[in-house]
Amino acid sequence: MSDLSIHALPPVGMITLRGAMPVLTKAVTAVTGCDAPAMRMSTRAGDVTAMWMEPDEMMVVCTYDGANEMAGRLRVEMADDFATVAVVSDARQIFEINGTGGETLLAKLMPVDFAKLGATEVRRTRMAQIPAAVWRNSDGFQVMCFRSVADYATDLLHTVAPVGG
Amino acid sequence: MSRRLKTGGRLIDRSKPVEFTFDGKTMRGYEGDTLASALLANGQLVMGRSFKYHRPRSVVGSGPEEPNALMQIGAGGRFEPNQRATVQSLWNGLVARSQNAWPSLGFDIGRVNDLGARFLPAGFYYKTFMAPQPFWKHVFEPVIRKAAGLGAATTEPDADRYEFEYGFYDTLVVGGGIAGLTAALGAMRAGERVILVESRAEFGGRALVDGATIDGNDVVDWVKDAVQTLEDAENVRLISRCEGSGVYDHGYVLCTQDLTGFKADKSGPRERILRLRVGRVITATGAIERPLSFAGNDVPGVVLASAMRDFVANHGVGIGDRTVIVTNNDDAYRTAKVLLDAGLRVAAIVDARPDADSAIVNEIRALGVNVHLGRAIAKVHGNDRVTGVSICLQSGDGAVMQEIRCDAVAMSGGWSPVVHLWSHCGGKLWWDTDRAMFRPDPDHPPRGTDGNGFVVTAGMASGALTPAEVLSDAAKAVGSDVPHCDTVEEGGILPVWIMPDGAGPDLRAKMWLDYQNDVKVSDVRLAAQEGFESVEHAKRYTTLGMATDQGKLSNINGLAVLADRLDTTIPQVGTTTFRPPYTPITIGALAGEARGSVFQPLRKTPIHDWSEENGAYWEPVGHWRRAYCYPKSGESHEAAVAREVKNTREALGMLDASTLGKLLVRGPDAGKFLDMMYTNMMSTLKPGRCRYGLMCDENGFLIDDGVVARIDEDSWLCHTTTGGADRIHAWMEDWLQCEWWDWQVHVVNLTEQFAQIAVVGPKARAVLEKLGGMDVSAETLPFMAWADGRLGAFDVRVFRISFSGELSYEIAIPATKGAALWQALIDAGAEFGVMPYGTEALHIMRAEKGFIMIGDETDGTVIPQDLGLTWAISKKKDDYLGKRGQMRSEFQKADRWKLVGLETTDGSALEDGAYAIADGTNANGQRNVQGRVTSTYLSPTLNRGIAMGLVERGPDRIGEVIRFTRIGKNPVEAKIVDPVFFDPAGEKANV
């Protein structure tokens, strides 16, 4: 039997930031302590992660309870800039996949070249028929999808997970 | 009699017998057998019936090209039709059945078609079933359906599961023969990420049967070493029983891996489709031997020469004791050698070439085999199996010179490289006259985005014939060192497309080109004669190459016959198009994991589980499921809907409105932007207030609607329809990114972030006040206002908006707390008689109020002016999306169909989509119409049918009675009325 495990994580704080990247990085660095993430990458400071999402979007991941306060500080920091801050902690579901065969499992669902997935890379992709993102997490992976399709995602992961698959 | 030989068979393990059944009869084979070899070993030569004439057919090949030996494998949920017995591995308990035979394989009534074969020529279907027209449906089609068709489809759900795997490699090698192994070794040594797929169970390909010495080793040992080296390499992946199915643009390749089809243990997925993205594809797919076209070349016992020696060498199975070999090249002499080594007799070699003097020819002659040069087979004798052949001159007209008794015929018409994968993405071919084959043209490969070829052929797939040539070509493909292999000179090929050259109509009508579809030389000639000169037309007219084998054996012979009849050359005629997949792929494999609960993503709101537990009857809305109604035990849906409407109008209802789109539009230019997106003015909306808005496309057609709330100076929250959330988000981004890229506006889709609960009815305020925490009074929170606040323990945003005409609050809350708030409201509402209501009650209540619904009252041809919504179109604005479109003369016409209410005179509900009848008929003789129903319901509130519809000049005809169609009944009369049926003054919502 494999030691493969799939867990749905409790909600975490997520903040969507839209704006010119220099504006976002300046504010994120000041408020969260995270370095500016390079394209497709993430940076981390304590329990806060800053993820590059697209050329004018970043996502800050923090504790669920701290999201509103952190969003407020980011808004203040960018008060004079054209930038948008939105708390989206309830919009998504994160799964943690640990153990042997995690990569094989995900390769059945995601068109991702895992051999080239960097340690801090946030790969926005799809998982079967839904939008998803995947990144490395210690020895395993975390997968993120929208909340409304979390049950579908759970079923998917468990459908292709059995041994012999 | 085909039989198992006493010795031999490199693939079978005689110590491991395997039991299987064929047409209910128990038979035995060995581990390592294919179904075809095991059937032959049991003396079962006839394996199927042809498609059209139901002629008895036996196996003709030994690989994936097999057209005849198609079987139904398995039973119940694992039943699979059209499986080729030549590639179906035998396993203990395998159940096989013949197909296309009725009532049985031995006695087939359809065989009568064969006796009347001259009445079923090319284009038969097109010619015969033209008239009289009613005959098609009632006579021809049922009879043809009974007689035609191959395997049946199972009626049970598939017992297996399937999956995909995505992979990324520098080099994909398709084919694990000596060419593929050489190429893979080269790519491995260059440090590339390599994947090698081989469709059969074992690596090594033809060379294992035909023999070679490579780098001083016997090819068997060389292959073993090569496979071991590749397996040990970290940068290489080897997969057997995996076929290269299709090559697509941008280095995308599909490969199909069989996972359980070859064994009794059926656990795990049945098949896996590898969806690969690769830098380059090396196709080492080998070549397929061609049949020769002589009369009776389809009689059971006539097989390809290579297949005959495969069965002997691989499985220790002889197809006959006395074999006549007929050929136009040297390769078939190898079969003679294998047969003689196995102790079988070669009655004669009939060689169409006038001269043959190579080493192997002389070697066989020296063994005492009669070699008849310049000769041909005039005719094969026998019905259900070969009993002999008549010999004639190849250059003659078929006059019989000699008859030879035999029980098998091995034929070789030369080899055709398997160019399918090369050709899928546009690789071109050239005709090699010397070798009589289409070969890949390296100067015209399929090209990638950089303009360079991304498919390279290797070995026999390139047109190489000898092992030395094969290895050299494969090494060249990857730029590696060439393994050493002695070159053996062979004699050339004599192109022979029909046998004999001067065969007349009688013989041509017995020369099969396409075995499975029963296409003969005479059919292709007839097609040409009737003007189907393009090879693509001739293919469709005759059905040549349209069977499950897709012409793997028949294409080249067929187009050569066509070229001959048209007095042109083979390259002039060209090939038909090679399309994926190389061999058929099951629908299950193509669907991958997508079945059952993961067939499609099902979107669930935070309140979904509560609704499920409380008996919701679901309706699909896009990928969402929404509660249609909440029937109580024993209650019909109709009754439940009526109860929900009444309860909401009289007391308190709750609706899960979470699926509504919620788009945050923010920035200094957001007001200007929304004034363009909506027909009415959004920039003047005051913070804290809501406004209903309409969105049109550039042509002026209404595409979405919803309530917009102004959050602060720079922020608006736009509600869209459930189905419009992603579409309108994309629509906004499109305009912002492509047209107004310098406007400072951000759009963030917050649909998933919030649950939204509509609390509706006269008691709505009471229940919110009971929860407490914020002022929801008419003074503080009037109609079309919103406020942030707390309700009980919940942080919420409350919108005072109504889609029902009742006092109504829509409460937004972060999604993870949605279910808790819903439960709190249900609990608090108990004393007020709260009941949840579903989408049907929502629809009825909005229709009672005359509110339009996108998708009901609109269908992409309706502008807001048609719906009486001019009040929602700003006259002050210079522009909005759709403004110019709406100015077109078509939209100004007085006779446009416009929105009205409709009331039947008898109180019944109109039929959905019914047309209003007008006088006279149109140019097509159809009844004229003057309108149609867009929404219709039985109103529980008013206790009669109400409807909305678009009627010609409708608003000018209030009070007029018109007639509407009913399916299967007489038309019904309805009066044109105002579309607002209930509370026209809006007093109930505004309290």
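Throughout this document, residue positions are counted from 1 along each chain, in the order its sequence is written. Throughout, the order in which chains and ligands are written sets their labels, letters from A for the former and numbers from 1 for the latter. With the structure being a predicted model, the display of local features is reserved for residues of pLDDT at least 70 and the display and counting of side-chain atom pairs for 80 or more, all residues being used for whole-chain, interface and lining totals.

Colleague: Explanation requested: the overall build of chain B in the structure shown.
Modeller: Strands here are runs of E lasting at least two residues and helices are runs of H or I lasting at least four, both read from the DSSP assignment and numbered beginning at the N terminus. Looking only at helices and strands, chain B features 27 helices and 51 strands. Looking at chain B residue by residue over its 991 residues, the buried ones come to 53%. We call two residues in contact when the distance between their C-beta atoms, placed using the backbone, is within 7 Å. Residue pairs in contact within chain B that sit at least 24 positions apart in sequence constitute 66% of those at least 6 positions apart. Three exposure classes are used. Buried residues have 20 or more other C-beta atoms within 10 Å of their own C-beta, exposed residues have 12 or fewer, and partly exposed residues fall in between, all C-beta atoms being placed from the backbone.

Colleague: I keep staring at the overall build of chain A and nothing clicks. Help me out?
Modeller: The secondary structure content of chain A amounts to four helices and ten strands. Written out in order from the N terminus, the α and β elements of chain A read β-β-α-β-β-β-α-β-β-α-β-β-β-α. For 165 residues, the compact-globule formula gives about 15 Å, and the C-alpha radius of gyration of chain A, at 16 Å, lands near that figure. Its C-alpha atoms give chain A principal-axis dimensions of roughly 55 × 30 × 30 Å. A total of 165 residues make up chain A; the buried ones form 45% of that total. For the radius of gyration, the atom set is restricted to C-alpha positions; the globular benchmark scales as 2.2 Å times the number of residues to the power 0.38.

Colleague: Help me understand the interface of chain B and chain A in this model?
Modeller: It is common to report an interface's size as the accessible area lost on association of the parts. Contact with chain B, which involves 32 residues of that partner, is made by 31 residues of chain A. Going through the elements one at a time, β9 (162-174), β36 (661-666) and β40 (746-749) of chain B are the ones with two or more residues in the side of chain B that touches chain A. The dominant element in the side of chain B that touches chain A, judged by the number of residues it contributes, is β9(B), at five residues. Any residue that is not Ala, Val, Leu, Ile, Met, Phe, Trp, Tyr, Cys, Pro, Asp, Glu, Lys or Arg is counted as polar, Gly included; the first ten are nonpolar and the last four charged. Its residues assigned to classes, the side of chain B that touches chain A shows 14 nonpolar, ten polar and eight charged.

Colleague: Is there a simple way to think about the pairing of strand β2 (residues 13-19) of chain A in this case?
Modeller: Every regular strand shows the same layout, with side chains that alternate between the two sheet faces. Residue and element names in this part refer to chain A. In terms of residue burial, β2 counts as a mostly covered element, since seven of its seven residues are buried. Every second residue of β2 is oriented toward a common face, with G13, I15, L17 and G19 on one face and M14, T16 and R18 on the other, all of them buried. Where β2 and strand β5 (residues 57-62) come together, six bridges link them in antiparallel fashion. Residue pairing for β5: L17 is matched across the bridge by M58. Pairing between β2 and strand β6 (residues 83-87): five bridges, direction antiparallel. When the bridges of β6 are listed, I15 appears paired with V87. Strands pair, by our definition, only if DSSP identifies at least two bridges between them.

Colleague: Can you walk me through the sheet that holds β40(B) in this structure?
Modeller: As a general point, the strands of a sheet are linked pairwise by backbone hydrogen bonds and lie either parallel or antiparallel. Residues and elements named next belong to chain B. Read from one edge of the open sheet, five strands run β37-β38-β39-β36-β40, paired in antiparallel fashion. The sheet terminates laterally at β37 (690-696) and β40, the two strands that pair on one side only. Each adjacent strand pair in this sheet contributes to an overall mean axis angle of 30°, direction not counted. Here strand β38 (residues 702-712) runs beside strand β39 (residues 715-720); their pairing, made up of four bridges, is antiparallel. Every axis in this analysis is a line fitted to C-alpha atoms, fitted for helices over the stretch in contact. Angles between the N-to-C directions lie between 0 and 180 degrees.

Colleague: When you look at the UniProt feature "domain: GCVT N-terminal" (unreviewed entry) in chain B in this model, what are you seeing that I'm missing?
Modeller: Under the UniProt annotation, the feature "domain: GCVT N-terminal" (unreviewed entry) is placed at residues 607-877 of chain B. Structurally, residues 607-877 of chain B is divided into 27% helix and 29% strand, and its ends, taken at the C-alpha atoms, are 41 Å apart. UniProt positions are given in the numbering used here, feature names are shortened, and annotations may be inferred rather than shown by experiment.

Colleague: Where do I start with helix α20 (residues 637-650) of chain B in this structure?
Modeller: Because each turn of an α-helix spans 3.6 residues, side chains separated by three or four positions end up pointing in the same direction. All names here are of chain B. To estimate the expected span of a helix, count its residues, drop one, and scale the result by 1.5 Å. The first and last C-alpha atoms of α20 sit 20 Å apart over 14 residues, in line with the 20 Å expected at 1.5 Å per residue. Taken residue by residue, α20 has A640, V641, A642, E644, V645, N647, T648 and R649 as its buried positions. Its buried side turned inward, α20 meets β34 (624-629), β35 (652-656), β41 (754-760), β45 (834-836) and α25 (839-848).

Colleague: Whenever I open this one, the UniProt feature "domain: Aminomethyltransferase C-terminal" (unreviewed entry) in chain B confuses me. Can you help?
Modeller: UniProt tags residues 898-983 of chain B as "domain: Aminomethyltransferase C-terminal" (unreviewed entry). When the span residues 898-983 of chain B is considered, its composition is 0% helix and 59% strand, and the gap between its end C-alpha atoms is 22 Å.

Colleague: Help me understand the environment of G43(B), please; the structure alone is not making it clear to me.
Modeller: Residues and elements named next belong to chain B. Looking at where G43 falls in the secondary structure, it is placed in the loop between α1 (35-41) and β4 (46-49). On the basis of neighbour count, G43 is assigned to the exposed category, with 11 C-beta atoms found within 10 Å. Once residues within four sequence positions are removed from consideration, G43 is found in contact with M1, S2 and R3.

Colleague: Just to check I follow, could you spell out α25(B) for this structure?
Modeller: Residue and element names in this part refer to chain B. With eight of ten residues buried, α25 is to be regarded as a mostly interior element. For α25, the set of buried residues is E840, A841, L842, I844, M845, R846, A847 and E848. Looking at the buried side of α25, the elements it contacts are β34, α20, β35, β48 (927-939) and β49 (944-952). Directly after α25, the chain includes G850, whose backbone phi takes a positive value near 75°.

Colleague: Honestly, the domain arrangement of chain A in this entry has me stumped. Any pointers?
Modeller: All names here are of chain A. Annotation of chain A at the domain level lists domain 1 (13-87) and domain 2 (91-160). Throughout, the edges of the domains are those of an automatic or database domain assignment. Distance from the C-alpha centre of domain 1 to the C-alpha centre of domain 2: 23 Å. Of the residues lining the interface, seven residues belong to domain 1; the matching set on domain 2 comes to six residues. Elements with a minimum of two residues in the side of domain 1 that touches domain 2: β3 (42-45) and β4 (48-54). Of the residues contributing to the side of domain 1 that touches domain 2, the split by class is four nonpolar, two polar and one charged.

Colleague: Would you mind going over the packing of helix α5 (residues 178-189) of chain B against helix α7 (residues 219-232) of chain B with me for this structure?
Modeller: To describe two helices that pack against each other, one gives the angle between their axes and the distance between the axes. Residue and element names in this part refer to chain B. Contact pair α5 / α7: the axes reach a minimum separation of 10 Å and the direction vectors enclose 35°. Where α5 crosses over α7, the handedness of that crossing is left-handed. Each of I178, L181, A184, L185 and M188 in α5 lies in contact with α7, whose residues at this interface are V219, V223, A226, T229 and L230. Tallied by class, the residues present in the contact of α5 with α7 amount to nine nonpolar, one polar and no charged. Crossing handedness is read from the near helix: turned anticlockwise from the far helix by less than a right angle, it gives a left-handed crossing, and turned clockwise, a right-handed one.

Colleague: What is the right way to read the environment of A207(B) from this model?
Modeller: With respect to the secondary-structure elements, A207(B) resides in helix α6 (residues 207-210). Among all residues touching A207(B), those that are not within four sequence positions of it are G177(B), I178(B), A212(B), V219(B) and P467(B).

Colleague: Looking at this structure, how should I read the nonpolar core?
Modeller: Across soluble globular proteins, you tend to see nonpolar side chains buried next to one another. Residues A183(B), A184(B) and V409(B) are the most contacted members of the largest nonpolar core, which totals 175 residues. Among residues more than four places away in sequence, those in contact with V409(B) are G301(B), V302(B), T323(B), V324(B), V326(B), V380(B), V386(B) and V389(B). Only buried residues count toward a nonpolar core: Ala, Val, Leu, Ile, Met, Phe, Trp, Tyr and Cys, linked into one set through C-beta atoms within 7 Å. A50(A), A107(A), Y628(B) and A764(B) belong to the second largest nonpolar core, which has 163 residues in total.

Colleague: I keep staring at the packing of helix α9 (residues 332-341) of chain B against helix α10 (residues 359-366) of chain B and nothing clicks. Help me out?
Modeller: All names here are of chain B. Orientation of α9 relative to α10, taken along the N-to-C sense of each, is 35°, at an axis distance of 9 Å. In this structure, α9 crosses over α10, and the sense of that crossing is left-handed. Along its contact with α9, which presents Y333, A336 and K337, the element α10 presents I360, V361 and I364. When grouped by side-chain class, the residues that make up the contact of α9 with α10 number five nonpolar, no polar and one charged.

Colleague: Mind showing me how you'd approach the sheet that holds strand β8 (residues 123-127) of chain A here?
Modeller: Residues and elements named next belong to chain A. As summarised here, the arrangement of the five strands in space is β1-β7-β10-β9-β8, forming an open sheet in which the pairing is antiparallel. The outermost strands of the open sheet, each flanked by one partner alone, are β1 (5-8) and β8. Strand-to-strand twist of the sheet, defined as the mean angle between neighbouring strand axes without regard to direction, takes the value 30°.

Colleague: I would appreciate a short explanation of unusual backbone geometry in the present structure.
Modeller: Negative phi values dominate among residues other than glycine, just as trans dominates among peptide bonds. All names here are of chain B. Residues M499 and P500 are joined by a peptide bond in cis, for which omega reads -5°. With omega at -5°, the peptide bond leading from P580 into P581 counts as cis. With respect to the secondary-structure elements, P581 resides in the loop between α17 (570-573) and α18 (587-591). At D567, a residue that is not glycine, the phi angle is positive and equals roughly 55°.

Colleague: How do you make sense of the pairing of β3(A) when you look at a structure like this?
Modeller: Residue and element names in this part refer to chain A. Bridge count between β3 and β4: four bridges; the pairing is antiparallel. Across the sheet, residue R44 finds its bridge partner in β4, namely T49. Here β3 hands over to β4 after two residues, with G46 in that stretch at a positive phi of 60°.

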